[in-house]
Amino acid sequence: ALGDKTTAADIEGLRQAAFDNSKPVKLAAVAALGNSKLVEAMDALANFFGDSDNDVRKAALEALCGVPAGESANVKKRYLKDFMDTGDMPDDLKARAKQCQATP
């Protein structure tokens with residue numbers, strides 16, 4: 001799942017990294033999800049929004065911002081709203097999510 005060509009079939013495995021105790025594992029999974037550019041990755045990325053480490057949260061947000069919304073623009077906007085509504089989300093990350101939301 002962490003290979004160069006992440007597919008929709010890999011997403012569930014990458015989602016499980018959200019429950020790992022290792023920050024490098026989480027960041028690697030988020031990077032793989034983001035690099036996939038798959039709309040299906042948005043749901044898996046949402047699992048990282050509430051992480052205790054703000055670096056992981058930021059990486060998940062940037063990965064989400066990089067997924068082309070296409071016909072799923074409303075879904076992407078919903079995930080960005082979920083990100084902003086996550087408890088204890090720092091203001092700078094909320095502002096970045098708003099920027100991403102405003103970009104078509």
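Residues numbered from 1 in each chain as written. Predicted model: local features only at pLDDT ≥ 70, side-chain atom pairs only at ≥ 80, totals over all residues. Heavy atoms only, no water.

Draft legend 1. Spotlight on the environment of Lys37. In this fold, Lys37 is placed in the loop between α2 (23–36) and α3 (41–46). For Lys37, a relative accessible area of 44% gives the class partly exposed. In contact with Lys37, not counting residues within four places along its chain, are Gly66, Val67 and Pro68. (Helix = DSSP H or I, 4+ residues; strand = E, 2+ residues; numbered from the N terminus. Buried < 20%, exposed > 50% of the residue type's maximum accessible area, 1.4 Å probe, protein only. Contact = heavy atoms within 4.5 Å.)

Draft legend 2. Structural view of the environment of Leu61. Relative to the helices and strands, Leu61 resides in helix α4 (residues 54–66). As a C-alpha pair, Leu61 and Thr6 span 55 residues in sequence and 18 Å in three-dimensional space. Setting aside residues no more than four positions away along its own chain, Leu61 makes contact with Leu80, Phe83, Leu93, Arg96 and Ala97.

Draft legend 3. Local environment of the state of the cysteines. The final tally for this structure, using the stated rule, is 1 disulfide. Here Cys65 pairs with Cys100 through a disulfide, and the sulfurs are 2.4 Å apart. With Cys65 in helix α4 and Cys100 in helix α6 (residues 91–102), the pair connects residues that are 35 residues apart, well separated along the chain. (Disulfide = S-S within 2.5 Å.)

Draft legend 4. Structural context of the pattern of salt bridges. One pass over the structure, following the stated rule, counts 7 salt bridges. Between Arg96 and Glu62 there is a salt bridge, and its shortest N-O distance comes to 2.8 Å. One end of the pair, Arg96, is in helix α6; the other, Glu62, is in helix α4, with 34 residues separating them in the sequence. Residue classification places Arg96 among the partly exposed residues on the basis of a relative accessible area of 27%. Residues joined in a network through salt bridges with shared partners are Glu12, Arg15 and Asp43. (Salt bridge = Lys/Arg side-chain N within 4 Å of Asp/Glu carboxyl O.)

Without other data, these values stay purely geometric and don't point to any function.
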